[in-house]
Each structure stands twice: as structure tokens, then as C-alpha cells.
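Descriptive analysis of the structure
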Amino acid sequence: MRREFILILLGIISVSTLSSLLTTYVQVEADKLLLDTVVGVVGAGNFSYWQLGHSGPLLVELTSLSGDADLYVSDSLRPSYEVDKNNFSSATCGADTVSIPAEFPRPIGIGVFGDWSNKVSEYSIQVFLDTSVLVRDESVVEHAKINTEKTEVPTKPPSKEKLSTKRGDDDRPRLVKFLSLLDMIVEMFFL
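Worth saying up front: this structure is predicted, and the values here are computed from it rather than measured. (Residues numbered from 1 in each chain as written. Predicted model: local features only at pLDDT ≥ 70, side-chain atom pairs only at ≥ 80, totals over all residues. Heavy atoms only, no water.)

Looking at the overall build of the protein
Using the following cut-off: What counts as a helix is a DSSP run of H or I of at least four residues, what counts as a strand is a run of E of at least two, and both are numbered from the N terminus. Each residue's exposure class comes from its accessible area (1.4 Å probe, protein chains only) as a fraction of the maximum for that residue type: buried when under 20%, exposed when over 50%, partly exposed otherwise. Two residues qualify as a contact provided that any one of their heavy atoms is within 4.5 Å of a heavy atom in the partner residue.
Of regular secondary structure, the protein possesses three helices and nine strands. Written out in order from the N terminus, the α and β elements of the protein read α-β-β-β-β-β-β-β-β-β-α-α. Looking at the 191 residues of the protein, the share that counts as buried comes to 28%. Within the protein, counting contacts between residues at least 6 apart in sequence, those at least 24 apart form 78% of the total.

What about a nonpolar patch on the surface?
Note the following rule: Patches here: salt-bridge-free residues with over 30% relative accessible area, like charges joined within 9 Å, nonpolar side chains (Val, Leu, Ile, Met, Phe, Trp, Tyr) joined within 5 Å. All accessible-area figures derive from a Shrake-Rupley calculation using a 1.4 Å probe, and residue coverage is judged against the displayed protein chains alone. Salt bridge, as used here, is a side-chain nitrogen of Lys or Arg placed within 4 Å of a carboxyl oxygen of Asp or Glu.
A surface patch of nonpolar side chains, amounting to about 270 Å² of accessible area, comprises Phe5, Leu9 and Phe189. Positionally, Phe189 belongs in helix 3 (residues 160–190). Since its relative accessible area comes to 31%, Phe189 is described here as partly exposed.

Topic: the pairing of strand 7 (residues 96–100)
Short version of the rule: Paired strands, as defined in this entry, are two strands with at least two bridges between them according to DSSP.
Of the two faces of strand 7, only one is covered, namely that formed by Asp96, Val98 and Ile100; the face formed by Thr97 and Ser99 stays uncovered. Bridge count for strand 4 (residues 58–66) against strand 7 is five bridges, and the pairing is antiparallel. Pairing of Leu62 across the sheet is with Asp96, part of strand 7.

What to know about the sheet that holds strand 3 (residues 47–52)
What counts is decided by this rule: Axis lines are fitted to C-alpha atoms, over the contacting stretch for helices. Their N-to-C directions set the angle, which ranges from 0 to 180 degrees.
The strand order across the open sheet built from four strands is 3-8-5-6, with neighbouring strands paired in antiparallel fashion. The open sheet has two free edges, formed respectively by strand 3 and strand 6 (88–90), since each of these has just one partner strand. Shown here is a sheet whose adjacent strand axes are inclined to one another by a mean of 15°, direction ignored. As paired elements, strand 5 (residues 69–74) and strand 6 share three bridges and run antiparallel to each other. Residue Tyr72 lies in a different strand from strand 6, and its bridge partner there is Ser89.

A look at the environment of Leu182
For Leu182, the location among the structural elements is in helix 3. Considering only alpha carbons, one finds Leu182 and Leu10, 172 residues apart in sequence, at a separation of 9.9 Å.

Section: the pattern of salt bridges
One pass over the structure, following the stated rule, counts two salt bridges. We note a salt bridge from Glu82 to Lys85, for which the minimum N-O separation is 3.6 Å. Given the relative accessible area of 40%, Lys85 is considered partly exposed.

Some details on the side chain of Ser121
For clarity, the threshold we go by: Definition of a polar contact: a pair of N or O atoms within 3.5 Å, with one able to donate and the other able to accept a hydrogen when the atoms are protein atoms, and with sequence-neighbouring residues admitted only if both atoms are side-chain atoms.
Within the element layout of this structure, Ser121 appears in strand 9 (residues 120–130). A distance of 3.1 Å separates a polar atom in the side chain of Ser121 from the backbone nitrogen of Asp68. Contacts of Ser121, omitting those with residues within four sequence positions, involve Gly40, Val41, Val42, Ser66, Gly67, Asp68, Ala69, Gly114 and Asp115.

Quick notes on the nonpolar core
Within soluble globular proteins, side chains that are nonpolar tend to cluster in buried spots. Put simply, the rule is: Nine residue types can take part in a nonpolar core, namely buried Ala, Val, Leu, Ile, Met, Phe, Trp, Tyr and Cys, and a core is a set of them joined through side-chain atoms within 4.5 Å.
By size, the foremost hydrophobic cluster in this structure holds 20 residues, and its most contacted members are Leu58, Ile100, Ile108, Ile110, Val112 and Ile125. Of all elements in the fold, only strand 2 (32–43), strand 4, strand 5, strand 7, strand 8 (108–114) and strand 9 reach the threshold of two or more residues within this core. Considering each element in turn, this core owes the most residues, four residues, to strand 9.

Concerning the packing of aromatic side chains
What counts here: Pairing of aromatic rings covers Phe, Tyr and Trp, the last counted by its six-membered ring, and requires centre-to-centre distances within 6.5 Å; plane angles under 30 degrees mean stacked, over 60 mean edge-to-face, and any other angle means tilted. We call a charge positioned above a ring when the Lys NZ or Arg CZ atom is no farther than 6 Å from the ring centre and deviates by at most 35 degrees from the ring normal.
On inspection of all chains with the given rule, the structure shows seven aromatic pairs. Three or more aromatic residues link up through ring pairs in this structure, and these residues are Phe47, Tyr49, Tyr72, Tyr81, Phe113 and Trp116. Its end group placed over the ring of Phe128, Lys32 keeps NZ or CZ at 4.6 Å from the ring centre.

Here's the deal with unusual backbone geometry
Cis geometry is adopted by the peptide bond preceding Pro107, which originates at Arg106 and carries an omega value of 0°. Mapped onto the fold, Pro107 is located in the loop between strand 7 and strand 8.

Structural notes on the side chain of Asn86
With respect to the helices and strands, the residue Asn86 is situated in the loop between strand 5 and strand 6. Within the structure, Asn86 has its side chain in polar contact with the backbone oxygen of Glu82 (distance 3.1 Å). Setting aside residues no more than four positions away along its own chain, Asn86 makes contact with Tyr72, Val73, Ser74, Pro79, Ser80 and Tyr81.

Read these as geometric descriptors, not functional statements.
So this is what it looks like as C-alpha cells:
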């Protein structure tokens, strides 16, 4: 009986995970594409850590649902409020937003610090692809292309190898999430 229950639960989790991995991203605003949402709780004076593997220019928005949580982002997996242990931070009493450039190394470590003024802080993190940066970059490339056409400099067409690696980069975060979930399930049942 217990084995059947575990198998049914594992099946439900697998189907749910696969369906969420195969769904498309949500366009929230004209210049923002929602990639991920996390809701959590952190105690006063403590950190909750998250890892982010999405590529491209990103916007990370932390909203304190209760209490006051602060956002710290780093190229290490354990950012801190100390200046030399984070690359970006936002420690306001309202919504905290951090813009991460496309060239920033992945995976990205996200730390959420619970302010001392509240015993517990509830928060929501939303990760967006910043399409406004992508549009600006495309317009710069288009402008450069027009200038090079005027000077008649031959350009190479993009190679198929570059296109295939970009497609692989977009699939990587979903695969990482799926493997993390499988690892968690294995640890839960077998260790």
C-alpha cells in the first residue's frame, strides 16, 4: 500500500514538473518576459539562498509580502550583505529590483535577507527577461549593419553552430530544474 502511494505521488510530481517545464513563458509587460517566480519565508537576521541559471539580461524583483526582505545577488552561490560578497543589491523598505546584464556569469546566486525588525518576512521573487535591452542591442546591431552596408564591407552569415548553441542555452535552465527535482526525490526516498 505504501509503495503504491509513493509511486502515485512520484507520478503526480513528475507530470506536474514536466507540464510546467513544457509551458511557454508569460509576457507580463511589453519589455518584460516572466521566467520564474518563487515565494518564500526568511527569519530575522537569516538568509534564504536561491540559484538562477537563466541566460540573457535579467530583472530580479523581490516583493516583501510581510515584514521586510532584502535582495543580494552575486556570481557566488552564497551572496551576503557585506560589500565584497555581492555584486548587486537592493535593500529598500519597498519592492527591491536588480538588473543583471547578459554577460554576468551563470549560475547566479540570490540571497534574501530577513530584516531584524520582523521575526519572519514573507517574500516573492520574480525573474524577468529584460527584452528592452535585447531590443536596444538589436537596434544597435541593425544600425551597425546599415553602416557596414554603406561602406560595402562583406559580412559572414551566422553559422549554424552558433544557432544551435543558443538553442541549447535556452533549454539548460529547464533541464537543471528537472535534474534538481529528481535529485531531491532520490534523496527524499533513498537516503
